[in-house]
Amino acid sequence: MQFMLLFSRQGKLRLQKWYVPLSDKEKKKITRELVQTVLARKPKMCSFLEWRDLKIVYKRYASLYFCCAIEDQDNELITLEIIHRYVELLDKYFGSVCELDIIFNFEKAYFILDEFLLGGEVQETSKKNVLKAIEQADLLQEKTENIYHSKHFHWCKKAY
Amino acid sequence: MEAVNLLSSNRYTEKQIGYLFISVLVNSNSELIRLINNAIKNDLASRNPTFMGLALHCIASVGSREMAEAFAGEIPKTLVAGDTMDSVKQSAALCLLRLYRTSPDLVPMGDWTSRVVHLLNDQHLGVVTAATSLITTLAQKNPEEFKTSVSLAVSRLSRIVTSASTDLQDYTYYFVPAPWLSVKLLRLLQCYPPPEDPAVRGRLTECLETILNKAQEPPKSKKVQHSNAKNAVLFEAISLIIHHDSEPNLLVRACNQLGQFLQHRETNLRYLALESMCTLASSEFSHEAVKTHIETVINALKTERDVSVRQRAVDLLYAMCDRSNAQQIVAEMLSYLETADYSIREEIVLKVAILAEKYAVDYTWYVDTILNLIRIAGDYVSEEVWYRVIQIVINRDDVQGYAAKTVFEALQAPACHENLVKVGGYILGEFGNLIAGDPRSSPLIQFNLLHSKFHLCSVPTRALLLSTYIKFVNLFPEVKATIQDVLRSDSQLKNADVELQQRAVEYLRLSTVASTDILATVLEEMPPFPERESSILAKLKKKKGPSTVTDLEETKRDRSIDVNGGPEPAPASTSAVSTPSPSADLLGLGAAPPAPAVPPASAGGGGLLVDVFSDSASAVAPLAPGSEDNFARFVCKNNGVLFENQLLQIGLKSEFRQNLGRMFIFYGNKTSTQFLNFTPTLICADDLQANLKLQTKPVDPTVDGGAQVQQAVNIECLSDFTEAPVLNLQFRYGGTFQNVSVKLPITLNKFFQPTEMASQDFFQRWKQLSNPQQEVQNIFKAKHPMDTEITKAKIIGFGSALLEEVDPNPANFVGAGIIHTKTTQIGCLLRLEPNLQAQMYRLTLRTSKDTVSQRLCELLSEQF
């Protein structure tokens with residue numbers, strides 16, 4: 001995988017993970033172009049498209065678009081499943097995840113992504129193991145911080 | 001700085017934040033990098049799995065060259081050490097992969113490679129997954145090292161595929177066992193050819209069949225994830241089957257499976273099925289099976305709402321096209337073209353043009369198709385396409401009349417595209433006489449038709465039309481006056497564009513001044529174009545880039561060589577790793593590398609045509625007249641004019657030493673117009689190439705009027721040779737193409753080094769070479785006056801030493817020398833006996849190699 005982008009229906013970028021070295025300017029350019037292209041697609045269209053010399057696999061979950069760029073020889077369907085697995089992980093961790101969770105806990109989202117994918121390849125496919133690793137990392141953090149996070153979490157849910 | 005400090009803290013949170021910070025802000029400040037690397041090193045050595053994990057994640061995210069330098073040696077050791085934790089092993093494997101991708105040279109291959117292969121057998125599937133990714137990438141560069149992984153991968157794969165759903169527990173994803181790992185293993189297997197060991201191969205085939213069978217079973221879950229995962233494994237398996245290309249049974253099954261998918265409800269599956277079928281279409285086993293689905297594909301083309309799926313359908317139609325369904329497919333593509341997206345039109349135009357040409361049984365159909373193409377999508381018809389149609393029409397006598405008639409009718413449409421005017425103008429100019437008999441297309445009507453479009457056209461088209469008019473003057477004297485009036489009009493003679501003005505003025509003069517004979521010679525019908533490579537395909541490849549469709553084209557061309565529907569030969573085995581790009585003649589199916597003996601008549605036969613503007617090595621135009629004489633003149637001398645005609649002069653200056661030589665070729669432009677696309681090519685026949693090595697430097701493709709360019713040729717004689725290389729020159733002069741060929745006087749005697757010797761030595765050696773093959777004798781009539789001094793000079797010019805006082809008869813000439821080649825040196829002795837009364841000579845040549853004697857004798861006999 002070359003990169004993964006998460007963005008909302010309005011085109012705001014929520015998460016970006018780059019597995020290839022690119023300059024900041026290039027990243028912004030790519031993001032802009034890709035967001036435009038994907039948002040222009042109609043709902044019934046197929047999940048794969050060719051863009052530049054890469055294949056783009058995207059899926060929409062509620063208000064978020066998950067978009068991955070893979071190389072020519074990679075398997076598209078399995079990438080779709082990678083996206084789904086990632087959503088499942090987030091779901092399990094946050095409990096019924098929504099876009100707000102990702103906005104407010106983006107560092108956790110990044111950590112989960114890092115446990116799951118590394119260097120662009122799938123690292124660990126067992127949901128249990130990934131979540132266990134994250135839990136362990138969480139335990140190592142100070143108790144107060146945990147409480148802070150969960151309080152914050154509940155607060156957000158109430159407000160919206 | 002703070003971040004680096006955080007890295008060394010022992011608190012997990014702080015460390016984590018520190019690493020996050022570092023991975024986001026990579027800078028090339030050397031101080032910090034060293035500190036960071038230090039901190040990472042400490043963490044790696046710390047034995048605390050969490051810390052090691054963090055450190056490895058950081059390296060993987062950043063993957064910069066400095067990090068690679070620091071850690072590339074360490075990580076493999078961590079990877080294979082027995083006591084590292086599984087999670088760390090996973091991270092280490094992928095980290096190494098990342099480093100390898102950024103700096104492949106810094107990752108040394110060591111004995112850790114065999115242990116990495118063993119990781120494939122690990123209990124922990126996460127480790128296996130990571131290891132497989134690593135091995136796949138490494139194996140692409142060093143397949144030998146990782147060969148053992150193939151059998152391990154196969155056994156692992158079969159265990160997964162045949163496992164019950166409860167075995168793998170957490171690794172089962174919606175009732176599909178370990179889909180990611182299966183896909184990765186299948187990808188790894190694609191790096192290698194089919195396994196030779198029959199047991200392994202049997203297992204693999206079983207495995208693949210199981211996967212194919214499972215696809216037929218009813219789904220265990222209604223969720224789309226289940227079907228996606230199942231199909232992901234299926235598609236990857238199909239890719240592997242296509243890659244191996246060895247089991248016809250599997251290929252046909254795969255094809256049928258894909259055929260089912262073509263009509264599936266889900267768009268994704270249809271898309272992928274079309275894509276996979278494209279690659280399947282190239283395999284000879286399944287080509288027939290693919291063709292059975294043509295109706296479905298055409299339907300898809302018409303009814304799909306998603307443009308990317310339609311695009312795939314077009315690609316597939318292109319791939320599955322062959323003689324039997326060419327007409328149908330081209331017709332479908334044309335109708336699609338009318339409604340196609342603008343961005344893909346050019347590509348479709350190119351494809352239709354290529355298909356039409358390749359599979360045209362009846363060239364009238366071809367002409368129709370191209371004209372239709374221009375009518376529908378004229379803007380996207382690039383130059384190469386209509387050049388091609390013109391070349392084909394000119395080369396094929398049978399279709400000329402038909403072309404003229406069709407073009408005439410097409411031009412009568414009220415709004416025609418400019419490309420159509422160009423094509424029409426050219427064809428009518430050449431072959432308008434073929435339809436002039438019919439009163440509906442009399443010369444005057446033809447002229448009026450063209451002229452009515454004249455003012456609507458752009459400058460290049462107008463220039464072409466002016467040329468057509470002058471051709472009309474030649475073909476149809478009755479319209480001469482009308483055309484002259486047109487040319488004489490101010491809008492032409494004082495036209496703002498220089499080219500138009502020049503043409504108008506010159507053509508006007510030409511028509512008034514020249515007599516009918518000269519006019520006829522000047523405006524003679526265009527001769528058939530020689531065969532060469534197609535540039536349409538080159539253009540298509542450039543557009544698509546290195547994608548599957550074009551690779552497929554080349555492999556396909558590699559296979560189906562005979563245009564006339566001959567049996568397709570066995571497929572060449574290709575590996576998925578390297579792009580299979582045989583440097584085969586693109587559309588010159590079956591045309592071997594052009595030898596000077598390729599007859600231009602083959603262009604009229606079954607051969608295909610070529611683009612005049614391509615720069616590639618070309619077949620030779622027939623040798624220019626007088627080439628043989630000039631050639632002979634140069635045997636004994638090294639400098640002079642090799643060839644001259646009204647347009648250019650070719651001069652030579654050469655020097656030789658032992659088996660090497662250097663020749664300077666001077667091309668002089670005798671006219672005042674530039675030569676464009678000036679391409680000199682040196683052509684050596686196959687056996688000549690083995691004996692003579694020629695190296696040239698490229699020449700500037702534009703030669704100004706009155707200028708002279710020089711080309712240096714380095715020559716090395718590897719072994720003795722008899723043929724001479726041919727210098728073929730092509731260039732554009734004005735609007736016409738020039739193609740000149742002359743034999744280049746690089747002959748065996750150029751590598752002749754004179755050797756002085758005394759009389760006894762000479763006769764001693766003469767006796768030594770008494771083997772009948774070693775001697776060649778020739779008795780011939782003198783062509784030139786038998787003057788002693790001139791003869792002596794010629795012998796010395798030939799390269800031999802002239803030995804005085806050796807032969808008892810003072811009138812005889814005796815010479816000796818050594819022929820220098822890279823491999824051997826061949827001593828040569830010669831004796832020339834003149835007979836003044838009979839005006840004849842007897843030449844005897846003795847050398848240690850019979851072919852050399854033969855050749856030298858031939859060469860020298862011509863001189864006298």
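Conventions used here
Residues numbered from 1 in each chain as written. Chains lettered and ligands numbered in written order. Predicted model: local features only at pLDDT ≥ 70, side-chain atom pairs only at ≥ 80, totals over all residues. Heavy atoms only, no water. UniProt positions renumbered as here; feature names shortened; annotations may be inferred. Helix = DSSP H or I, 4+ residues; strand = E, 2+ residues; numbered from the N terminus. Buried < 20%, exposed > 50% of the residue type's maximum accessible area, 1.4 Å probe, protein only. Contact = heavy atoms within 4.5 Å. Areas by Shrake-Rupley, 256 points an atom, 1.4 Å probe, with all protein chains shown as cover. Core = buried A, V, L, I, M, F, W, Y, C linked by side-chain atoms within 4.5 Å. Domains from an automatic or database assignment. Buried area = accessible area lost by both parts, 1.4 Å probe. Salt bridge = Lys/Arg side-chain N within 4 Å of Asp/Glu carboxyl O. Expected span 1.5 Å × (residues − 1). Arc of directions from axis to C-beta. Pairing = 2+ DSSP bridges. Axes fitted to C-alpha atoms, helices over the stretch in contact; angles between N-to-C directions. Phe/Tyr/Trp six-rings, centres within 6.5 Å; stacked < 30°, edge-to-face > 60°. Lys NZ or Arg CZ within 6 Å of the ring centre and 35° of its normal. pLDDT = per-residue confidence, 0-100. Parallel < 35°, antiparallel > 145°, perpendicular 65-115°, else oblique. Left-handed = near helix turned anticlockwise from the far one by under 90°. Nonpolar A, V, L, I, M, F, W, Y, C, P; charged D, E, K, R; others polar.

Per an unreviewed UniProt entry, the recorded name for chain B is AP-2 complex subunit alpha, and the organism is Dipodomys ordii. Taken verbatim from the UniProt record of chain B, the Sequence similarities (unreviewed entry) comment is "Belongs to the adaptor complexes large subunit family." The Subunit (unreviewed entry) field of the UniProt record for chain B holds the comment "Adaptor protein complex 2 (AP-2) is a heterotetramer composed of two large adaptins (alpha-type subunit AP2A1 or AP2A2 and beta-type subunit AP2B1), a medium adaptin (mu-type subunit AP2M1) and a small adaptin (sigma-type subunit AP2S1)."

Looking at an unreviewed UniProt entry, one finds chain A named AP complex subunit sigma, with Dipodomys ordii as its source organism. For the record of chain A, the UniProt heading Function (unreviewed entry) holds the text "Subunit of clathrin-associated adaptor protein complex 1 that plays a role in protein sorting in the late-Golgi/trans-Golgi network (TGN) and/or endosomes. The AP complexes mediate both the recruitment of clathrin to membranes and the recognition of sorting signals within the cytosolic tails of transmembrane cargo molecules."

(A) Representation of the overall build of chain B. Of regular secondary structure, chain B possesses 38 helices and 16 strands. The proportion of buried residues among the 864 residues of chain B is 55%. In chain B, of all internal contacts separated by at least 6 residues, the share reaching a separation of at least 24 is 69%. When the accessible surface of chain B is split by element, carbon and sulfur atoms take 52% of a total near 37500 Å².

(B) Just the nonpolar core, in detail. Counting 235 residues, the largest nonpolar core has A:Y86, B:I40, B:I59, B:I75, B:L79, B:I348 and B:Y469 as the members making the most contacts within it. When residues of this core are assigned to domains, at least three map to each of domain 1 (1–108) and domain 2 (331–522) of chain B. Setting aside chain neighbours within four positions, we find B:I348 in contact with B:V314, B:M333, B:Y336, B:L337 and B:A340. Residues B:F643, B:C684, B:A782 and B:F813 belong to the second largest nonpolar core, which totals 58 residues.

(C) Spotlight on the interface of chain A and chain B. Tallying the contact residues gives 45 residues for chain A and 50 residues for chain B. With both chains or domains summed, chain A and chain B bury close to 4200 Å², and 53% of this area falls on carbon and sulfur atoms. Broken down residue by residue, the surface that chain A buries against chain B is led by A:L77, A:E81 and A:L118, which jointly contribute 15%. At the boundary of chain A with chain B, the tally comes to 4 salt bridges. Here B:R187 makes a salt bridge to A:D74, at a shortest N to O gap of 3.6 Å.

(D) Quick peek at the pattern of salt bridges. Evaluation of the coordinates by the stated rule reveals 25 salt bridges over all chains. Taken together, the salt bridges that share partners define one network made up of A:E50, B:R312, B:D315, B:E347 and B:K351.

(E) Expanded view of helix α12 (residues 198–216) of chain B. Residues and elements named next belong to chain B. Compared with the 27 Å implied by 1.5 Å per residue over 19 residues, the 27 Å span of α12 between its first and last C-alpha is a close match. Buried within α12 we find V200, L204, T205, C207, L208, I211, L212 and A215. Taken around the axis of α12, the buried residues stretch over an arc of 155°, which confines them to a single face. Seen from the open side of α12, the exposed residues pointing more than 90 degrees away from its buried face are P198, A199 and E206. Looking at the packing, one finds that the buried side of α12 touches α10 (149–162), α11 (179–189), α13 (224–244) and α14 (248–261).

(F) Broad picture of the environment of B:L251. Residue and element names in this part refer to chain B. Among the secondary structure elements, L251 is positioned in helix α14. Residues L251 and S286, spaced 35 residues apart in sequence, show a C-alpha to C-alpha distance of 6.1 Å. Not counting the four nearest positions on each side in its chain, L251 is found in contact with I241, I242, D245, L280, S283, F285 and S286.

(G) The pairing of strand β1 (residues 3–8) of chain A, seen in detail. Residues and elements named next belong to chain A. By the criterion of burial, β1 is predominantly enclosed, with 6 of the 6 residues buried. Bridging between β1 and strand β5 (residues 64–70) involves 6 bridges; their strand directions are antiparallel. Along β5, the bridge assignment pairs L6 with F66. In textbook terms, the turn of a hairpin is the stretch between consecutive antiparallel strands, and for β1 and strand β2 (residues 13–18) this stretch comprises 4 residues, one of which, G11, has a positive phi near 95°.

(H) Seen up close, the sheet that holds strand β6 (residues 675–683) of chain B. All names here are of chain B. Strand order across the open sheet formed by 3 strands is β6-β9-β10, with antiparallel pairing between neighbours. Each edge of the sheet is formed by a strand with only one pairing partner; in this case those strands are β6 and β10 (736–743). On average, each strand axis in the sheet is tilted by 15° relative to the strand beside it, whichever way the strands run. Where β6 meets strand β9 (residues 726–733), 7 bridges bridge the pair, whose relative direction is antiparallel. Note on β9: the bridge partner recorded for L676 is R732.

(I) Region of interest: the packing of aromatic side chains. In the structure shown here, the tally under the stated rule is 24 aromatic pairs over all chains. Look at A:Y58 and A:Y65: their rings are 6.4 Å apart centre to centre, the planes differ by 40°, and that puts the pair in the tilted class. A:Y65 sits in the buried class, given a relative accessible area of 8%. For the pair B:F752 and B:F798, a centre-to-centre distance of 5.9 Å together with 70° between the ring planes defines the contact as edge-to-face. On the criterion of sequence distance, the pair formed by B:F752 in strand β11 (residues 752–754) and B:F798 in helix α37 (residues 788–798) is long-range, its members being 46 residues apart. Residue classification places B:F752 among the buried positions, given a relative accessible area of 6%. One aromatic cluster in this structure is built from B:Y667, B:F675, B:F678 and B:F731. Lying over the aromatic face of B:Y318, B:K351 brings its terminal NZ or CZ to 5.2 Å of the ring centre. Here the basic side chain of B:R462 rests over the ring of B:F454, its NZ or CZ set 5.6 Å away from the ring centre.

(J) Region of interest: the confidence of the model for chain A. When pLDDT is averaged along chain A, the result is 81, and 88% of the positions lie at 70 or above. Least confident of the elements in chain A is helix α6 (residues 143–159) of chain A, whose mean pLDDT is 48; most confident is β5(A), at 91.

(K) Seen up close, the sheet that holds β2(A). All names here are of chain A. Taking strand neighbours across the sheet as the criterion, the 5 strands line up as β2-β1-β5-β4-β3 in an open arrangement whose pairing is antiparallel. The sheet is open, and its two edges are formed by β2 and β3 (48–51), each paired on a single side. Recorded for the sheet is a direction-independent mean angle of 20° between the axes of neighbouring strands. Strand direction decides the pairing type here: β3 and strand β4 (residues 54–61), joined by 4 bridges, are antiparallel. Note on β4: the bridge partner recorded for F48 is V57.

(L) Structural detail: α11(B). Buried residues dominate α11(B), accounting for 11 of its 11 residues. Those residues of α11(B) lying buried are B:P179, B:W180, B:L181, B:S182, B:V183, B:K184, B:L185, B:L186, B:R187, B:L188 and B:L189.

(M) Focus on the confidence of the model for chain B. All names here are of chain B. Residues at a pLDDT of 70 or more form 86% of chain B, whose mean pLDDT is 75. Below a pLDDT of 50 lies the segment residues 546–620, which in the model reaches 148 contacts outside its immediate sequence neighbourhood of four places, other chains included. Confidence metrics for the complex model read pTM 0.58 and ipTM 0.74.

(N) Expanded view of the environment of B:V852. Residue and element names in this part refer to chain B. Checked against the element boundaries, V852 lands in helix α38 (residues 850–861). Along the chain, V852 and N749 lie 103 residues apart, while their C-alpha atoms are 9.4 Å from each other. Among all residues touching V852, those that are not within four sequence positions of it are D720, L748, I819, I826, C828 and T847.

(O) Seen up close, unusual backbone geometry. All names here are of chain A. Of note, the phi angle at R52 is positive, near 50°, even though the residue is not glycine. Relative to the helices and strands, R52 resides in the loop between β3 and β4. Positive phi values are uncommon outside glycine, yet S96 reaches one of about 60°. Take S96: it is sitting in the loop between α2 (76–94) and α3 (99–104).

(P) Summary view of the environment of B:L138. Residue and element names in this part refer to chain B. Inspection of the secondary structure puts L138 in helix α9 (residues 125–141). Once the C-alpha coordinates of L138 and P104 are considered, the two residues, 34 residues apart in sequence, prove to be 9.3 Å apart. L138 has contacts with Y100, M109, W112 and F146, leaving out every residue within four places of it along the chain.

(Q) Region of the structure containing the packing of α2(A) against helix α5 (residues 127–140) of chain A. Residue and element names in this part refer to chain A. Contact geometry for α2 and α5: axes closest at 11 Å, N-to-C directions at 45°. Taken together, α2 and α5 sit at an angle that is classed as oblique. As α2 runs across α5, the sense of the crossing is right-handed. From α2, R85, E88, L89, K92 and Y93 reach across to α5, where they touch K127, V130, L131, I134 and D138. Partitioned by chemical class, the residues of the contact of α2 with α5 number 5 nonpolar, no polar and 5 charged.

(R) Focus on the packing of helix α21 (residues 363–377) of chain B against helix α23 (residues 400–411) of chain B. Residues and elements named next belong to chain B. Contact geometry for α21 and α23: axes closest at 10 Å, N-to-C directions at 25°. One way to sum up the angle between α21 and α23 is to call them roughly parallel. Crossing of α21 against α23: the hand is right-handed. Counting all contacts with α21, which are made through T364, V367, D368 and L371, the residues of α23 involved are Y402, A403, T406 and V407. A class-by-class count of the residues in the contact of α21 with α23 yields 5 nonpolar, 2 polar and 1 charged.

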